[in-house]
Amino acid sequence: MGFDKLIELIFAVNETEFSEFEYENKEEKIRIRKGEKESAEAIHVVSTEEAKSAPETPKICVEDGYLVKSPMVGIFYGIEGIEMGKRVEKGQILGNIEAMKLMNEIKSEQDGVIEEIFVKDGQAVEFGQPMFLIK
């Protein structure tokens, strides 16, 4: 990633409510974290080596179930009636993620019962973050 693109990314992240942003492709991995005060001085770019040595997010055990993960970075908004123990059908909307002022529907990709909800209404979510466990 070029320097100009990196600076643009830093300022874009700084303008959000997020405290951390991570991007990875085959050649590089970039993690941007905001400090306590929200200013450009408080943002740190972590090198690939530091990112590899950072502790990983705890794994969630999924046995004969389906884990619905966030397809994007944004703010999660729940839908009334979607709760643990509720039966859902394939294609049913489980919630919305607001990203770049657009609401994106999160749909169930299988029939089943919601066993676990890992996110709360109004919570910031990251790409790939577990949101629902459906069995």
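Being a predicted model, the structure only gives us computed values, none of them experimental.

Bringing the overall build of the protein into the picture now. The helix and strand tally for the protein stands at two helices and eleven strands. Each helix and strand of the protein, placed in order from N terminus to C terminus, yields the pattern α-β-β-β-α-β-β-β-β-β-β-β-β. Residues classed as buried in the protein amount to 31% of the 135 residues present. Per element, the accessible surface of the protein, about 9,200 Å² overall, is 50% carbon and sulfur.

With phi around 55°, Met100 is a residue other than glycine that occupies positive phi space. With respect to the secondary-structure elements, Met100 resides in the loop between strand S7 (93–99) and strand S8 (102–107). Judged by relative accessible area, Met100 falls into the exposed class, the value being 79%. With a phi close to 65°, Lys101 is a non-glycine residue in the positive phi region. In this structure, Lys101 sits in the loop between S7 and S8. With relative accessibility at 76%, the residue Lys101 sits in the exposed group.

Let us now look at the sheet that holds strand S10 (residues 124–125). Taken in spatial order, the four strands make up an open sheet running S8-S7-S5-S10, and their pairing is antiparallel. Whereas interior strands pair on both sides, the edge strands pair on one side only; in this sheet they are S8 and S10. Bridge count for S7 against S8 is six bridges, and the pairing is antiparallel. Paired with Glu98 across the two strands is Met103, which belongs to S8.

Turning to the pattern of salt bridges, a few remarks are in order. All told, the structure shown has one salt bridge when counted by the stated rule. Glu105 is the salt-bridge partner of Lys107, the closest N and O atoms lying 3.7 Å from each other.

Ordered in space as S4-S11-S9-S6, the four strands form an open sheet in which the pairing is antiparallel. Edge positions in the sheet fall to strand S4 (66–69) and strand S6 (87–88), since each has one partner strand and no second. The sheet contact formed by strand S9 (residues 112–117) and strand S11 (residues 130–134) spans three bridges and is antiparallel. Looking at S11, one finds that Ile117 is bridged to Phe132.

Tracing the backbone through its elements, the reader meets Ser70 in the loop between S4 and strand S5 (74–78). Among the polar contacts made by the side chain of Ser70, one reaches the main-chain carbonyl oxygen of Glu126 at a distance of 3.4 Å. For Ser70, the residues in contact, after removing those within four places along its chain, are Ile97, Val125, Glu126, Phe127, Gly128, Gln129 and Met131.

The rules behind the values
Residues numbered from 1 in each chain as written. Predicted model: local features only at pLDDT ≥ 70, side-chain atom pairs only at ≥ 80, totals over all residues. Heavy atoms only, no water. Helix = DSSP H or I, 4+ residues; strand = E, 2+ residues; numbered from the N terminus. Buried < 20%, exposed > 50% of the residue type's maximum accessible area, 1.4 Å probe, protein only. Areas by Shrake-Rupley, 256 points an atom, 1.4 Å probe, with all protein chains shown as cover. Pairing = 2+ DSSP bridges. Salt bridge = Lys/Arg side-chain N within 4 Å of Asp/Glu carboxyl O. Polar contact = N/O pair within 3.5 Å; in protein donor to acceptor, adjacent residues only side chain to side chain. Contact = heavy atoms within 4.5 Å.

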